[in-house]
Amino acid sequence: MTSTAAPSQNFRDRLRAFNKCVCDGARLMVGQGDYGTYVAHIAKTHPDQTPMTEREFFRNRENARFGVGNTSGFRCC
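Residues numbered from 1 in each chain as written. Predicted model: local features only at pLDDT ≥ 70, side-chain atom pairs only at ≥ 80, totals over all residues. Heavy atoms only, no water.

### Observations concerning the overall build of the protein chain
What the protein chain contains, in helices and strands, is three helices and zero strands. In sequence order, the secondary structure elements of the protein chain are arranged as α-α-α. Split into buried and exposed, the 77 residues of the protein chain put 9% on the buried side. Split by element, the accessible area of the protein chain, about 6,500 Å² in all, is 59% carbon and sulfur. (Helix = DSSP H or I, 4+ residues; strand = E, 2+ residues; numbered from the N terminus. Buried < 20%, exposed > 50% of the residue type's maximum accessible area, 1.4 Å probe, protein only. Areas by Shrake-Rupley, 256 points an atom, 1.4 Å probe, with all protein chains shown as cover.)

Next up, the structure:
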């Protein structure tokens, strides 16, 4: 007797992975990176540094996106 649960689960896993990829790509297009990826990067490459809190990270990305503190004249809109 064969089970159809395995292919169905595999499809759901692939669909979830695809959805995450699309959402991550959309966030990056608007300048909003993934906090979990940032924390993993800091832990791996800069273990002596304390990562920003999620709130600080969000604010940092928003400031970079809209040119806050940039004296070269960049602004989004």
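The structure having been displayed, the exposition proceeds.
### So, the pattern of salt bridges
Tallied over the entire structure, the rule returns one salt bridge. The shortest N-O distance in the salt bridge between D13 and R16 comes to 3.3 Å. You can see D13 and its partner R16 sitting in helix α1 (residues 5-29), three residues apart, about one turn around the helix. The class of D13 is partly exposed, set by a relative accessible area of 40%. R16 sits in the exposed class, given a relative accessible area of 53%. (Salt bridge = Lys/Arg side-chain N within 4 Å of Asp/Glu carboxyl O.)

### Looking at the packing of aromatic side chains
Taken as a whole, this structure holds three aromatic pairs when the rule is applied. Taken together, a centroid distance of 6.0 Å and an interplanar angle of 40° make the contact between Y35 and Y38 tilted. Taken together, the residues span about one helical turn, with Y35 and Y38 both in helix α2 (residues 35-45) at a distance of three residues. Judged by its relative accessible area of 22%, Y35 falls in the partly exposed class. The exposure class assigned to Y38 is buried, which follows from its relative accessible area of 16%. Ring pairing ties together the aromatic residues Y35, Y38 and F57, which thus form one cluster. (Phe/Tyr/Trp six-rings, centres within 6.5 Å; stacked < 30°, edge-to-face > 60°.)

Remember, this is a structural readout, not a statement about activity or role.
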